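Residue-level listing of the chains:
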Amino acid sequence: MEYRTINDSDARLNSIIDTLTSFAIALIMYVSARQVEQIEAHKDKVLIYAGIILLSYFLYYFITEYRYQKTLGNFLTQTKVVKTNNGLPNEIDIFLRTISRFFPLAFIVNFFVDSKFHETISNTKVVYDK
């Protein structure tokens, strides 16, 4: 089956929705973790909180894209993640896609290639459902 690749405005909308969603999840996890006295008393609590925030960001993308082929942003724009050959991505593809989002200079790479860095690394793309 041939799919139509997502346009730039929908890709930006996905990014905004997913950033806000992952931030909300991270905030909930952060507030919940602050209730644990052992963390509050720990000398490296800032690192623990940073880890919680990064973990929530990673899990949001990995779980939603692996389980549903889409994040909340994709649901709202009626798009999904597929392999570049239009096949179904597996857990390794999604893992690579998710972990490569943490590459610090990815936003610079995005200016020089047609696809996003995390799509290039994972051999995936975002397309419209229909």
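In what follows, the structure referred to is the one given above.
Description of the structure in this document.

## Let's talk about the packing of helix H3 (residues 45-68) against helix H5 (residues 91-99)
At a minimum axis distance of 9 Å, the contact between H3 and H5 shows a crossing angle of 150°. Considering their axes alone, H3 and H5 lie roughly antiparallel with respect to each other. Relative to H5, H3 is oriented so that their crossing is right-handed. Contacts between H3 and H5 involve Phe58, Tyr61, Phe62, Glu65 and Tyr66 from the former and Glu91, Ile94, Phe95, Arg97, Thr98 and Ile99 from the latter. The residue inventory of the contact of H3 with H5, partitioned by class, reads 7 nonpolar, 1 polar and 3 charged.

## Brief notes about a nonpolar patch on the surface
Taken together, the side chains of Leu54, Ile92, Phe95, Leu96, Ile99, Phe102 and Ile121 make up a nonpolar region of the molecular surface, amounting to roughly 580 Å² of accessible area. Topologically, Phe102 is positioned in the loop between H5 and helix H6 (106-112).

## Topic: the nonpolar core
The biggest cluster of nonpolar side chains holds 7 residues, and these are Ile6, Phe58, Phe62, Val81, Ile94, Val126 and Tyr128. If you list the elements that add at least two residues to this core, you get H3 and strand S2 (124-128). Val126 has contacts with Thr5, Ile6, Asn14, Asn74, Thr79, Lys80, Val81, Arg97 and Glu119, leaving out every residue within four places of it along the chain.

## Here's the deal with the packing of aromatic side chains
Aromatic ring pairs are described here by two measures, namely the spacing of the ring centres and the angle between the planes. Considering all chains together, one arrives at 10 aromatic pairs under this definition. Taking 6.4 Å as the distance between ring centres and 35° as the angle between the ring planes, the aromatic pair formed by Phe58 and Phe102 counts as tilted. Placement of Phe58 in helix H3 and of Phe102 in the loop between H5 and H6 is noted, with a sequence separation of 44 residues between them. Feature note: the residues Tyr57, Phe58, Tyr60, Tyr61, Phe62, Tyr66, Phe95 and Phe102 constitute an aromatic cluster, connected by ring pairs. Against the face of Tyr128 rests Arg4, its NZ or CZ located 4.2 Å from the ring centre. Note that Arg101 overlies the ring of Tyr61, its terminal NZ or CZ placed 3.8 Å from the centroid.

## With respect to the packing of helix H1 (residues 8-34) against H3
Where H1 meets H3, the closest approach of the two axes is 9 Å, and the angle between their N-to-C directions is 140°. Comparing their axes, H3 and H1 come out oblique. Between H1 and H3 lies a crossing of right-handed hand. Residue-level contacts link Asp18, Thr19, Thr21, Ser22, Ile25, Ala26, Met29, Tyr30, Ala33 and Arg34 of H1 to Tyr49, Ile52, Ile53, Ser56, Tyr57, Tyr60 and Tyr61 of H3. Tallied by class, the residues present in the contact of H1 with H3 amount to 11 nonpolar, 4 polar and 2 charged.

Parameters and conventions
- Residues numbered from 1 in each chain as written.
- Predicted model: local features only at pLDDT ≥ 70, side-chain atom pairs only at ≥ 80, totals over all residues.
- Heavy atoms only, no water.
- Axes fitted to C-alpha atoms, helices over the stretch in contact; angles between N-to-C directions.
- Helix = DSSP H or I, 4+ residues; strand = E, 2+ residues; numbered from the N terminus.
- Parallel < 35°, antiparallel > 145°, perpendicular 65-115°, else oblique.
- Left-handed = near helix turned anticlockwise from the far one by under 90°.
- Contact = heavy atoms within 4.5 Å.
- Nonpolar A, V, L, I, M, F, W, Y, C, P; charged D, E, K, R; others polar.
- Patch = residues over 30% accessible without salt bridge, like charges linked within 9 Å, V, L, I, M, F, W, Y side chains within 5 Å.
- Areas by Shrake-Rupley, 256 points an atom, 1.4 Å probe, with all protein chains shown as cover.
- Salt bridge = Lys/Arg side-chain N within 4 Å of Asp/Glu carboxyl O.
- Core = buried A, V, L, I, M, F, W, Y, C linked by side-chain atoms within 4.5 Å.
- Buried < 20%, exposed > 50% of the residue type's maximum accessible area, 1.4 Å probe, protein only.
- Phe/Tyr/Trp six-rings, centres within 6.5 Å; stacked < 30°, edge-to-face > 60°.
- Lys NZ or Arg CZ within 6 Å of the ring centre and 35° of its normal.

Shape descriptors only; they carry no functional weight alone.
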